[in-house]
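Descriptive structure summary
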Amino acid sequence: MLKLKLSSAKSCCGTLILVNQQHPLPDNAGQLHLDKCAEKLVQVMPKLPQVQMQRIAACELMRLLNHLHAEQQIQPLSGFRSHQEQQELYASALAEHGEDFTKKYVALPGCSEHETGLAIDMALILPQIDPLTPAFPYEGICQQFREAAANYGFIERYPEGKENITGIGHEPWHFRYVGSPHAALINEQGLVLEEYMELLHLATSGGKIFSLPLPGKKVQISYIPATDNETIIQLRGNTPYSISGDNMGGFIITEWEG
Ligand SMILES: [Zn+2]
């Protein structure tokens, strides 16, 4: 048994954090949030230096694009945004497109996944690309991207039919890095991140075992609420693991079986 002590303040850090209107990032969002979580931003591809993500998300997105040989057809459009950039985007969307459109497609500053460096807006390369609602249809190379995304830890974050849960309109172009095996489990069960976190929060004490789409692969996933200053996490000790905060006052522990 391996015992770890984590600073409870880190429950807002990690690749599984839920960020939405009910669960905003802490006050010091954006770059400061990344500093606090000891995360750095890197560019996804050299030809688009303005599109940046957390290192693990940028690397996996690049691997996915390389796998599809898709660089000429689709491109990352918008990754990390600072708190100030999100404020400016929200204000300009309000002025240009009105309240209904903005509430549907632009997250409130502090509540945007783009401030985490874990979200990416993708676009089909066309002569004109709409910066807020880029085309990313359910066919051709975009659909191939969508279908392969979970293998690289990405989910389509705002699907049709779940708008009342996510609080955001259907966005075929917005993908979120949650890592492995979570992206595959979320896809397989047809959930959105809000529903998945609810499921994981039930997986306390001893964890819940999930079978993965790959034969013979199992993971144990459990949830530990953060306590005052430090949270003690007990691992089984000899298997690979990862730990992420949930931005809801707790930690998700993922331990690979065997
Ligand atoms: Zn987006």
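What you are looking at is a predicted structure, and each value in this text was computed from that prediction instead of being measured.

This part takes up the sheet that holds strand 7 (residues 171-177). Strand order in this open sheet of four strands is 4-5-7-6, and the pairing throughout is antiparallel. Only two strands of the sheet have a single partner each, and these edge strands are strand 4 (74-78) and strand 6 (154-158). Adjacent strand axes in the sheet meet at a mean angle of 45°, parallel and antiparallel pairs treated alike. Strand direction decides the pairing type here: strand 6 and strand 7, joined by four bridges, are antiparallel. Across the sheet, Phe154 pairs through a bridge with Tyr177, a residue of strand 7.

Of the consecutive residues Ser180 and Pro181, the connecting peptide bond is found in the cis state with omega at 5°. Note on placement: Pro181 falls in the loop between strand 7 and helix 6 (182-188). One non-glycine residue, Asn247, adopts positive backbone phi at about 60°. Relative to the helices and strands, Asn247 resides in the loop between strand 11 (241-245) and strand 12 (250-256). Among the residues examined, Asn247 registers 21 C-beta atoms within 10 Å and is labelled buried.

About the criteria used
- Position numbers for residues start from 1 in each chain and track the written sequence from start to end.
- Restriction of local features to residues with pLDDT of at least 70 applies here, the model being predicted, together with a cutoff of 80 or more for giving and counting side-chain atom pairs; totals for whole chains, interfaces and linings are based on all residues.
- A pair of strands is labelled paired if DSSP reports no fewer than 2 bridges between them.
- We count a stretch as a helix when DSSP gives it H or I for four or more residues in a row; a strand needs E for two or more, and each element gets its number in order from the N terminus.
- All axes here are fitted lines through C-alpha atoms, helices being fitted over the stretch that makes contact, and every angle between N-to-C directions spans 0 to 180 degrees.
- Here a residue counts as buried when 20 or more other C-beta atoms sit within 10 Å of its C-beta, as exposed when there are 12 or fewer, and as partly exposed otherwise, the C-beta atoms being derived from the backbone.

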